[in-house]
Amino acid sequence: MSDTGGGHRAAAEAIREALYRRHPGEVEATLVDVFRDYTPFPFKSFPELYPWLVNHGKSSWGASFKLSNTRQRAKILSSTMYMTVEGSLKQMLRDHPADVVVCVHSLLTRPTMKAMRTLEKRPPYVVVVTDLVSTHYFWYDRHADRTLLPTPIAYERGLKAGLSPATMRITGLPVHPRFNEQLTDKPSARAALNWHPTLPTILLLGGGDGMGPVSKIARAIDERALNCQLAIITGRNEALKAQLEAATWSQPTYIYGFVKDMPRMMAAADILATKAGPATISEACIAGLPMVLYDAIPGQEEGNVDFVLENNAGVFANQPRAAAETIEQWLHEGESALRARAANARRAAKPNAVWEIADEVWEYAHMPPIPTQARKKFTLKDVAEQIGLDL
Ligand code: UDP
C-alpha cells in the first residue's frame, strides 16, 4: 500500500483486521508503504506530492490518467518504473519474507509482480482493486494469482486486460469490520460526539488528505444560514484545519483533523458532502448516508460518480454553490426523502467484502511458494522492443 490518499491504507487495515479476527494469534500482517519506505526519489515523495499534484494539476493528472490507460501503455510505463525501483522492491521482498503478498495500489501491482518473478520461488500474489469503476489498466497483471474486484465493470476491464476469469472474483471493496460495529443509532453517535441531538447534520470531508474545495463548500453552506449543524473533517490537511478554525460560523460547526472514528461520524450525520473517493463512498453506503459529491479526481474517480448516481445514493454537484444548494434542497424536502436516499445507499453496500477478501488471502497464504523462471534483468532495450523501437 502507500499513503497516496487515505483509501489504500484504509483497505489494507481493513483486510488485516479481518484476518486477525478470523484467525486470532495465527496470522501476522505487515503494512508496507512501498513508495515511502522502498523507492528512490521521486517515487519516495509520492505520498506527500499526491494531494498537491491532484489539487494543483487536476487537468494534467486527468490527462495523464487517460493517456496511460491502455493495456499496452500501462505495461510499458510499469516496466519503465520497474527499472528505477527494481532493487528497492527486491529489498522489500527480502525484508518481508511473507507467505502471501497482497497489493492494494494500482501503481505497485505490476512492478511488485515483476520483482517477485525474479525470485527462484515466490509467494502467492493477491491484488485487491480499490477503485470502484474507472479502474486503470495498471491494476491488472495476468501473472497475479488472484485479482479481487469491487464491481462487475472492474471485472470486465480485467477480461480486456487479458486476465483469466478463473483468477478473478467480484467481492466489493474492503471496508473495516469496525464500520458495522460502530454504526450505532444517530442519537447515541451524536451524544458520543457532543453534537446537537436533533439538528439536521451535514458531514463534509475530502478524503484522507482533505482535498478539493472543502473550505469553499463550507462557506457556501454557511452563507445560507441553514437550520443545521456542520461537521468538517480535514484529514491530514493541517493548513485547511487552521483556516477553518479561524473562521466564524452561522450554525454549530465542528472541525476535526484526521479522525479515527469515521463510522461514528457517519452514523451521526444525515448528509455527506464529499469528493468521490471510493473508500468514503463504500463506507457511506454501509452507513446508509446519502451523498452530495462535490468533486472527483479526473480519471480514477469519475466512475465512482456513476456508481453513486446509478444507485440513487446521491448527486454530483461539482461547484461549491451547487453543492450547498443541493444540501439546502435536501433539508427542505425533509426527513422521509432523506430516509429514502439513505435506503438506496444502503442497498449498494457490500459489508461482507472484507471478510470474503480476508478468506481469499488466508487461502492463498496456505499455498506453497510458486517456482518462477528466474527473469533476466529488465533493460531500456526491453522497453524499446515493447514499443517497436530499433535501438
Ligand atoms: N479517513 C479517515 N479519517 C479522516 C479522513 C479520511 O479515516 O480523517 C478515511 C476514510 O474513512 C476513507 C479514506 O480515509 O476510508 C479515504 O479514502 P478515499 O478512497 O475515499 O479517498 P482518498 O483519500 O484515497 O483520495
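Above this text sits the structure in question.
Caption draft 1: Expanded view of the site of the ligand. With respect to spatial proximity, 19 residues lie near the ligand, and among them G6, G7, K275, T280 and E283 are the closest. Here G208 contributes a backbone N or O atom positioned 2.8 Å from an oxygen atom of the ligand. T280 is positioned with one of its side-chain polar atoms (N or O) 2.5 Å from an oxygen atom of the ligand. Starting from 540 Å² of accessible surface for the ligand in isolation, the protein chains cover 94%. Secondary-structure elements contributing two or more residues to the shell around the ligand are α1 (7–22) and α13 (278–287). At four residues, the largest contribution of residues to the shell around the ligand is made by α13. In terms of residue class, the shell around the ligand is made up of eight nonpolar, nine polar and two charged.

Caption draft 2: Structural context of the side chain of E86. Here E86 is to be found in helix α5 (residues 71–95). Its relative accessible area of 4% is what places E86 among the buried residues. Engagement of the side chain of E86 in a polar contact is seen with the side chain of K90, the distance being 2.9 Å.

Caption draft 3: Main features of α13. Most of α13 is tucked away: ten of the ten residues are buried. Among all positions of α13, only P278, A279, T280, I281, S282, E283, A284, C285, I286 and A287 are buried. After α13 finishes, the residue G288 shows a positive phi value of roughly 60 degrees.

Caption draft 4: Inspection of the pattern of salt bridges at higher detail. On inspection of all chains with the given rule, the structure shows 26 salt bridges. The residue R21 makes a salt bridge to E17 at a minimum N-O spacing of 2.8 Å. Of this pair, R21 and E17 both sit in helix α1, four residues apart, roughly one helical turn. Overall, the relative accessible area of 32% leaves R21 in the partly exposed class. For E17, a relative accessible area of 23% gives the class partly exposed. Here K241 and E245 are joined by a salt bridge, their closest N and O atoms 3.1 Å apart.

Caption draft 5: Molecular detail of the sheet that holds strand β3 (residues 125–128). Across the sheet, which stays open at both edges, the four strands sit in the order β1-β3-β4-β5 with parallel pairing between neighbours. Each end of this open sheet is capped by a strand with a single partner; those strands are β1 (101–103) and β5 (168–170). Neighbouring strand axes in the sheet, compared pairwise and without regard to direction, differ in orientation by 20 degrees on average. Of the strands in this sheet, β1 and β3 are in contact with helix α6 (residues 106–116), which crosses β3 at around 180 degrees. Contacting β1, β3, β4 (146–149) and β5, helix α17 (residues 353–365) crosses the sheet at an angle of about 175 degrees to β4.

Caption draft 6: Examining the side chain of T109 more closely. Examined against the element boundaries, T109 turns out to sit in helix α6. Once residues within four sequence positions are removed from consideration, T109 is found in contact with C103, Y125, V127, F138, W139 and D141.

Caption draft 7: Quick peek at the sheet that holds strand β6 (residues 201–205). The sheet built from six strands is open, its strands ordered β8-β7-β6-β9-β10-β11 with parallel pairing. The open sheet has two edge strands, β8 (253–256) and β11 (314–316), and neither has a second partner. Across this sheet, the average inter-strand angle for adjacent strands is 15 degrees, counted without regard to direction. Sheet topology note: the β6/strand β7 (residues 229–233) ladder contains five bridges and is parallel. Note on β7: the bridge partner recorded for I202 is L230. Each of β6, β9 (271–275) and β10 (291–295) touches α13; the most contacted strand, β10, lies at about 170 degrees to it.

About the criteria used
Residues numbered from 1 in each chain as written. Predicted model: local features only at pLDDT ≥ 70, side-chain atom pairs only at ≥ 80, totals over all residues. Heavy atoms only, no water. Near = heavy atom within 4 Å. Polar contact = N/O pair within 3.5 Å; in protein donor to acceptor, adjacent residues only side chain to side chain. Areas by Shrake-Rupley, 256 points an atom, 1.4 Å probe, with all protein chains shown as cover. Helix = DSSP H or I, 4+ residues; strand = E, 2+ residues; numbered from the N terminus. Nonpolar A, V, L, I, M, F, W, Y, C, P; charged D, E, K, R; others polar. Buried < 20%, exposed > 50% of the residue type's maximum accessible area, 1.4 Å probe, protein only. Salt bridge = Lys/Arg side-chain N within 4 Å of Asp/Glu carboxyl O. Pairing = 2+ DSSP bridges. Axes fitted to C-alpha atoms, helices over the stretch in contact; angles between N-to-C directions. Contact = heavy atoms within 4.5 Å.

The quantities given are spatial measurements derived from coordinates; they are silent on function.
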